[in-house]
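# Structural description and commentary
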Amino acid sequence: MYERLRVYEGRAAATAGVGKDLVNAPMIRHWCEVVGDTNPAYAGPGAIAPPTMLQAWTMGGLSGHSDRSGAYDELFALLDGAGYTSVVATDCEQEYLRPLRPGDRITFDAVIESVSERKTTRLGAGYFVTTRMDVRAAGEPAGTHRFRILKYTPAAVRRGTSPGGPQGVTRGGRSLRPRPVINRDNAGFWQGVAEHKLLIQRCGECGTLRFPWLPGCNECGCQEWDTVEASGEGTVFSHVVMHHPPFPAFGASDDAGPYAVALIELAEGVRMVSNVVGVPYDKVRTGMPVRLEFLRTDPELELPVFRGSEG
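Residues numbered from 1 in each chain as written. Predicted model: local features only at pLDDT ≥ 70, side-chain atom pairs only at ≥ 80, totals over all residues. Heavy atoms only, no water.

The strands making up a sheet are joined through hydrogen bonds of the backbone, oriented either antiparallel or parallel. Read from one edge to the other, the open sheet built from three strands follows the order 10-9-11, with strand pairing classed as antiparallel. Since the sheet does not close on itself, it has two edges, and those belong to strand 10 (209–210) and strand 11 (225–229), each with one partner. Pairing of strand 9 (residues 199–203) with strand 10, which is carried by two bridges, proceeds in the antiparallel orientation. Bridging from a neighbouring strand, Q201 pairs with R210 of strand 10. (Pairing = 2+ DSSP bridges. Helix = DSSP H or I, 4+ residues; strand = E, 2+ residues; numbered from the N terminus.)

Okay, here's the thing in structure tokens:
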């Protein structure tokens, strides 16, 4: 199988691709608002785009890509046909050659840079595929984006075990939500959840609140901190409705149906990602008031979620 796959190395994945939009200030503003980046270089008359937006200007959006090559489709059809039907993004690398500015027309070419030998992971066995995209702005080299995915056959999940990924956990044949990764940087947060408290970090030097939990302050770099308890009040800043892949543990009544995932802006000014409950998924709206509650998803896991109100 590997010999059949490696013949695609070096073949074009996309040729003479064109970004669907010029680099533009509204998209830069939305990006900065979502990630909370207030760098003055990204606003005003001489604004540039955040470098990490490099991929954003080349994405196909909901309508998809129209510039992918036949070789790219053939490679993935070969993997799918051999049973490697699942996919997970593993990492990306970016190199920046020049700033992108509003009005720049983005063009790009992409190549299938490498296909690994068959690897066994906790998710399952499969092949890592790396695609390199060379991005140009107004005809000048602007950056390189390498994107690596794993195409794999899911490992069988034994009852009472976790494969360590989005496949989650099963108990007695019932699908459960994935376990959170708890480490020394966020253990205090999960201890608070166990006590039905939503704790926000506060910098010991400048007093800036931050979420999610981090070992140091983004504003001043101080590593001293304490916590404040959130009031539980918030609003939906933005949201998506998850339709696929179906996962019974996130649906109502184990039906694997669609569910809403929202970026919640807390009254304290920080934002966090969580589920919105209490209203149908198609009734969730930006600006909807929500209230914190704690949802026990199974005997071993309790999570902070937010209850919305259609009124």
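Moving on from the coordinates now.
It is worth spelling out the sheet that holds strand 14 (residues 271–277) at this point. With mixed pairing, the five strands of this closed barrel are ordered in space as 12-13-14-16-15. Within this sheet the neighbouring strands show an average axis-to-axis angle of 50 degrees, counted without direction. Where helix 4 (residues 187–194) meets the sheet, its contacts fall on strand 15 (289–298) and strand 16 (301–308), and the angle it forms with strand 16 comes to roughly 75 degrees. (Axes fitted to C-alpha atoms, helices over the stretch in contact; angles between N-to-C directions. Contact = heavy atoms within 4.5 Å.)

For the protein, mean pLDDT is 88; residues scoring 70 or higher make up 90% of the total. The spread of mean pLDDT over the elements of the protein runs between strand 7 (residues 169–171), the lowest at 58, and strand 9, the highest at 97. Low pLDDT, under 50, characterises residues 157–167; the predicted model gives this stretch 27 contacts beyond four residues in sequence or across chains. (pLDDT = per-residue confidence, 0-100.)

Aromatic ring pairs are defined here through the distance separating the ring centres and the angle between the ring planes. In this structure the tally under the stated criterion is six aromatic pairs. Taking the centre distance of 5.2 Å and the plane angle of 80 degrees together, the rings of Y84 and Y127 count as edge-to-face. One end of the pair, Y84, is in the loop between helix 3 (70–81) and strand 2 (86–96); the other, Y127, is in strand 5 (residues 124–137), with 43 residues separating them in the sequence. Just as Y84 is buried, Y127 falls in that class too. Ring plane angle 65 degrees and centroid distance 6.4 Å describe the contact between F189 and W213, whose orientation is recorded as edge-to-face. In this pair, F189 is assigned in helix 4 and W213 in the loop between strand 10 and strand 11, connecting sequence segments 24 residues apart. Comparing F189 with W213, the two get one shared label, buried. (Phe/Tyr/Trp six-rings, centres within 6.5 Å; stacked < 30°, edge-to-face > 60°. Buried < 20%, exposed > 50% of the residue type's maximum accessible area, 1.4 Å probe, protein only.)

In this structure, P212 follows F211 across a cis peptide bond, with omega equal to 5 degrees. Considering the arrangement of structural elements, one finds P212 in the loop between strand 10 and strand 11. Within the chain, A16 stands out as a residue other than glycine whose phi angle is a positive 55 degrees. Located in the positive-phi region is A138, a residue other than glycine, with phi close to 50 degrees. As for its position among the elements, A138 is in the loop between strand 5 and strand 6 (140–154).

The next subject is the pattern of salt bridges. This structure, assessed with the given rule, holds 18 salt bridges. Note that R98 is salt-bridged to D104, the shortest N-O span being 3.1 Å. As far as the burial class goes, R98 and D104 line up, both buried. Close ionic contact of E140 with R98 constitutes a salt bridge, the shortest N to O distance being 2.9 Å. (Salt bridge = Lys/Arg side-chain N within 4 Å of Asp/Glu carboxyl O.)

Moving on to helix 3. If you check helix 3, its first and last C-alpha atoms are 16 Å apart, about what 12 residues at 1.5 Å a residue would give, namely 16 Å. Taken together, the buried positions of helix 3 are A71, Y72, L75, F76, L78 and L79. The buried residues of helix 3 occupy an angular sector of 150 degrees when the element is viewed end-on, so they sit on one face. Close packing links the buried residues of helix 3 with helix 1 (2–6), strand 1 (12–18), strand 3 (106–115), strand 5 and strand 6. The first or second residue beyond helix 3 is G83, which carries a positive phi of 100 degrees. (Expected span 1.5 Å × (residues − 1). Arc of directions from axis to C-beta.)

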